[in-house]
Amino acid sequence: SEPQPAIAAFAPRKFVTRRGPDPKQERSARTRSLVLIAASELFAEQGFRHTSVKDVADRMKMTKGAVYFHYPSKEALAVAVVEEHYARWPALLEEVMAEGFGPLETAERMLARTAVSFRDDIVVQAGARLQIERPHIDAELPTPYVDWTELLASLLVAARDEGQVREGVSPEAAARSLVSAFFGAQHISDVLRGRADVVERWTETSELLFHAIRA
Ligand SMILES: CCC[C@@H]1OCC(CO)=C1C(=O)O
């Protein structure tokens, strides 16, 4: 089925073909994803600059060559982590949309679930840190924030069309404000508390903003 307009915002950039099970390929795919987790742990803990491919190999108890088999450079690892970070959202959005709430409630619940991912998911945490460090990463990283802004704007336009948005509130401006507020809340929680209170921080911001947006 055609992806809903909102989900299209995170449409995967490359078409992945589905093949039948092949044990050798499955083993390689499993190693590849374990390397991605090890790299995410290191990027999240110590950043891009202070992480080497050898650190990743050591964390995996593998040789550097084995890591290079899957990712040709540290930059390629960073791109893969950031792309995997964004790949989390379409599945999360489908889950929330399947709950059958209206577009405004879907936006609110989507961001609430995203705050939990920022607390618990090492790939999301690493992706967020790499996006901040992007000026020091010599690679083509996805542009941050824009997909989220597009997703939220499309949900808020639908909410406005259903009369759920306060008179005079622009869906696009509200989407930009939600993304800025979310980014800020998760960043401050990360700096002050290692994101231990990111869900609480986002909940209080979300309540205020959605109160201002809701008709
Ligand atoms: C959901 C708000 C935006 C989100 O917050 C952290 C971050 C990492 O770069 C984001 C992004 O790139 O979209």
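Data block above holds the structure.
Residues numbered from 1 in each chain as written. Predicted model: local features only at pLDDT ≥ 70, side-chain atom pairs only at ≥ 80, totals over all residues. Heavy atoms only, no water.

**Description of the overall build of the chain**
Point 1. In terms of helices and strands, the chain carries ten helices and zero strands.
Point 2. Across the chain, helices and strands are ordered from the amino to the carboxyl terminus as α-α-α-α-α-α-α-α-α-α.
Point 3. Over its C-alpha trace the chain gives a radius of gyration of 19 Å, about what one expects of a compact globule, namely 17 Å for 215 residues.
Point 4. With the C-alpha coordinates of the chain rotated into their principal frame, the extents come out at 60 × 45 × 25 Å.
Point 5. For the chain, the proportion of its 215 residues judged to be buried stands at 40%.
Point 6. Element-wise, carbon and sulfur atoms account for 55% of the exposed surface of the chain, whose accessible area totals about 11,900 Å².
Point 7. One way to put it: in the chain the 27 positive side-chain charges average out to a point 6 Å from where the 31 negative ones average out. (Helix = DSSP H or I, 4+ residues; strand = E, 2+ residues; numbered from the N terminus. Rg over C-alpha atoms; globule rule 2.2 N^0.38 Å. Buried < 20%, exposed > 50% of the residue type's maximum accessible area, 1.4 Å probe, protein only. Areas by Shrake-Rupley, 256 points an atom, 1.4 Å probe, with all protein chains shown as cover. Lys, Arg positive; Asp, Glu negative; His and termini not counted. Charge placed at Lys NZ, Arg CZ, Asp CG, Glu CD.)

**Focus on empty space enclosed by the protein**
Point 1. Within the structure shown, the criterion is met by one cavity of 30 Å³ or more.
Point 2. Approximately 220 Å³ is the volume attributed to the largest cavity.
Point 3. Residue lining of the largest cavity: 17 residues in total, with H85, F118, Y145, W148 and F183 positioned closest to the centre.
Point 4. Counting only elements with at least two residues in the lining of the largest cavity, the list comes to α5 (74–98), α6 (103–120), α7 (122–132) and α9 (171–193).
Point 5. Ranked by the residues each element gives to the lining of the largest cavity, the list is headed by α9, at five residues.
Point 6. Classifying every residue of the lining of the largest cavity gives twelve nonpolar, five polar and no charged. (1 Å grid on protein atoms, 1.4 Å probe; cavity = no way out; pocket = protein on both sides within 12 Å on 5 of 7 lines; lining within 4 Å. Points joined across faces, edges and corners; volume = space filled by probe spheres on them. Nonpolar A, V, L, I, M, F, W, Y, C, P; charged D, E, K, R; others polar.)

**Focus on the site of the ligand**
Point 1. The environment of the ligand is made up of Y86, F118, A128, Q131, P144, Y145, W148, V179, F182, F183 and Q186.
Point 2. For the ligand, an oxygen atom lies 2.5 Å from a polar atom in the side chain of Y86.
Point 3. Separating an oxygen atom of the ligand from a backbone N or O atom of Y145 is a distance of 3.2 Å.
Point 4. Here the ligand has 340 Å² of accessible area as a free molecule, and 99% of this is covered by the chains. (Near = heavy atom within 4 Å. Polar contact = N/O pair within 3.5 Å; in protein donor to acceptor, adjacent residues only side chain to side chain.)

**Things to note about a nonpolar patch on the surface**
Point 1. Taken together, the side chains of I188, V191 and L192 define a hydrophobic patch exposed on the protein surface, amounting to about 330 Å² of accessible area.
Point 2. Secondary-structure assignment places L192 in helix α9.
Point 3. With a relative accessible area of 66%, L192 lands in the exposed category. (Patch = residues over 30% accessible without salt bridge, like charges linked within 9 Å, V, L, I, M, F, W, Y side chains within 5 Å. Salt bridge = Lys/Arg side-chain N within 4 Å of Asp/Glu carboxyl O.)

**Side note on the packing of helix α8 (residues 146–161) against α9**
Point 1. At a closest axis distance of 8 Å, the pairing of α8 and α9 adopts a crossing angle of 135°. Our classification of the angle between α8 and α9 gives oblique. Between α8 and α9 the crossing geometry is right-handed. Seen from α8, the contacting residues are W148, T149, L152, A153, L156, V157 and R160; seen from α9, they are P171, E172, A174, A175, R176, L178 and V179.
Point 2. Tallied by class, the residues present in the contact of α8 with α9 amount to ten nonpolar, one polar and three charged. (Axes fitted to C-alpha atoms, helices over the stretch in contact; angles between N-to-C directions. Parallel < 35°, antiparallel > 145°, perpendicular 65-115°, else oblique. Left-handed = near helix turned anticlockwise from the far one by under 90°. Contact = heavy atoms within 4.5 Å.)

**Remarks on the side chain of S189**
Point 1. Within the element layout of this structure, S189 appears in helix α9.
Point 2. A polar contact of 3.1 Å, which involves the side chain of S189, links it to the backbone nitrogen of V198.
Point 3. When near neighbours in sequence (up to four residues on either side) are disregarded, S189 contacts G194, R195, A196, D197, V198 and R201.

**Concerning the side chain of S206**
Point 1. Among the secondary structure elements, S206 is positioned in helix α10 (residues 198–213).
Point 2. Owing to a relative accessible area of 5%, S206 belongs among the buried residues under this scheme.
Point 3. Those residues within four positions of S206 in sequence are excluded, and the remaining contacts are E108 and H211.

**What about the environment of E83?**
Point 1. Tracing the backbone shows E83 in helix α5.
Point 2. Classification of E83 by relative accessible area gives partly exposed; the value is 30%.
Point 3. With 17 residues separating them along the chain, E83 and G100 place their C-alpha atoms 28 Å apart.

**Some points on the layout of surface pockets**
Empty space among the atoms becomes apparent when a probe as large as a water molecule is rolled across them.
Point 1. Considered as a void within the structure, the second largest pocket measures approximately 190 Å³ in volume.
Point 2. Considering the residues around the second largest pocket, the lining is formed by A44, Q125, A128, R129, I132, E133, Q186, H187, D190, G194 and R195.
Point 3. It is α7 that contributes the most residues to the lining of the second largest pocket, four residues altogether.
Point 4. Of the residues contributing to the lining of the second largest pocket, the split by class is three nonpolar, four polar and four charged.

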